[in-house]
Amino acid sequence: MAVARGALLKYLRVNVSPLPQNPSASSNGLFQLTFNAIRRRFSEEVRGSFLDKSEVTDRVISVVKNFQKVDPSKVSPNAHFQNDLGLDSLDAVEIVMALEEEFGFEIPDNEADKINSINLAVDFIASHPQAK
């Protein structure tokens, strides 16, 4: 195990140079400028990675309408899986799994248990940065 770890670390090493003990104000300013630029770029990437809520709504409705136990005429953005569509808890799990496949990410079980309507599914998916 130690040999494999050593071989792996050999390729993963990154050369680092130590920072001076008492950095001058100019180097601290450069660090702050660089840090702010990285933070700004990261926040722009994250902000731009969320899906549009209307697109998510259309796709979720499409997934639910294509579920074999659902009457497509009863599907609306406000439809509740059990109350409006007559689905049981296992059907709701299957819909959540279909949504995971549609949007390309895994919904944690504790969150999946809370999704019992189209609105809740849309809100969760639209606020998730990994949704595609």
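Conventions and cut-offs
Residues numbered from 1 in each chain as written. Predicted model: local features only at pLDDT ≥ 70, side-chain atom pairs only at ≥ 80, totals over all residues. Heavy atoms only, no water. UniProt positions renumbered as here; feature names shortened; annotations may be inferred. Core = buried A, V, L, I, M, F, W, Y, C linked by side-chain atoms within 4.5 Å. Buried < 20%, exposed > 50% of the residue type's maximum accessible area, 1.4 Å probe, protein only. Helix = DSSP H or I, 4+ residues; strand = E, 2+ residues; numbered from the N terminus. Contact = heavy atoms within 4.5 Å. 1 Å grid on protein atoms, 1.4 Å probe; cavity = no way out; pocket = protein on both sides within 12 Å on 5 of 7 lines; lining within 4 Å. Points joined across faces, edges and corners; volume = space filled by probe spheres on them. Nonpolar A, V, L, I, M, F, W, Y, C, P; charged D, E, K, R; others polar. Salt bridge = Lys/Arg side-chain N within 4 Å of Asp/Glu carboxyl O. Phe/Tyr/Trp six-rings, centres within 6.5 Å; stacked < 30°, edge-to-face > 60°. Polar contact = N/O pair within 3.5 Å; in protein donor to acceptor, adjacent residues only side chain to side chain.

Under an unreviewed UniProt entry, the name given to the protein is Acyl carrier protein, and the organism recorded is Rubroshorea leprosula. Check the Subunit (unreviewed entry) section of the UniProt entry for the protein; it says "Complex I is composed of at least 49 different subunits."

Draft legend 1. The nonpolar core, seen in detail. In terms of nonpolar packing, the biggest core is built from 28 residues, with Val60, Val64, Phe81 and Ile118 touching the most fellow members. The set of elements that each furnish at least two residues to this core consists of helix H3 (53-65), helix H4 (89-103) and helix H6 (118-126). Per-element accounting of this core gives the leading share, 6 residues, to H6. Leave out the neighbours within four places in its chain, and Val60 touches Leu99, Phe103, Ile118, Ala121, Val122 and Ile125.

Draft legend 2. Structural context of the layout of surface pockets. Considered as a void within the structure, the largest pocket measures approximately 180 Å³ in volume. As for the largest pocket, its lining consists of 13 residues, of which Ala92, Val93, Val96, Ala112 and Asp113 are closest to the centre. Contributions of two or more residues to the lining of the largest pocket are made by H4 and helix H5 (109-112). Of all the elements, H4 adds the most residues to the lining of the largest pocket, at 6 residues. Residue classes in the lining of the largest pocket are distributed as 7 nonpolar, 3 polar and 3 charged.

Draft legend 3. Molecular detail of the environment of Phe67. Checked against the element boundaries, Phe67 lands in the loop between H3 and H4. Taking relative accessible area as the criterion, Phe67 reaches 12% and is therefore assigned buried. With 31 residues separating them in the primary sequence, Phe67 and Ala98 have C-alpha atoms 8.8 Å apart. In this structure Phe67 touches Leu87, Asp91, Glu94 and Ile95, once residues within four positions along its chain are discounted.

Draft legend 4. Seen up close, the pattern of salt bridges. In the structure shown here, the tally under the stated rule is 5 salt bridges. Of the charged contacts, one joins Lys53 and Asp123 as a salt bridge, the two residues approaching to 2.8 Å between their closest N and O atoms. Note that Lys53 is positioned in helix H3 and Asp123 in helix H6, a separation of 70 residues in sequence. Of the residues examined, Lys53 reaches a relative accessible area of 45% and is grouped as partly exposed. On the basis of relative accessible area, Asp123 is assigned to the partly exposed category, the value being 37%. Taking the shortest distance from any N to any O, the salt bridge between Glu102 and Arg59 comes out at 2.9 Å.

Draft legend 5. Region of interest: the packing of aromatic side chains. On inspection of all chains with the given rule, the structure shows 1 aromatic pair. Ring centres of Phe105 and Phe124 lie 6.3 Å apart, and the angle between their planes is 25°; this geometry places the pair in the stacked category. One end of the pair, Phe105, is in the loop between H4 and H5; the other, Phe124, is in helix H6, with 19 residues separating them in the sequence. We note that Phe105, like Phe124, is buried.

Draft legend 6. Representation of the side chain of Asp91. Structurally, the position occupied by Asp91 is in helix H4. A polar contact of 3.0 Å, which involves the side chain of Asp91, links it to the side chain of Lys69. Aside from chain neighbours lying at most four places away, what touches Asp91 is Phe67 and Lys69.

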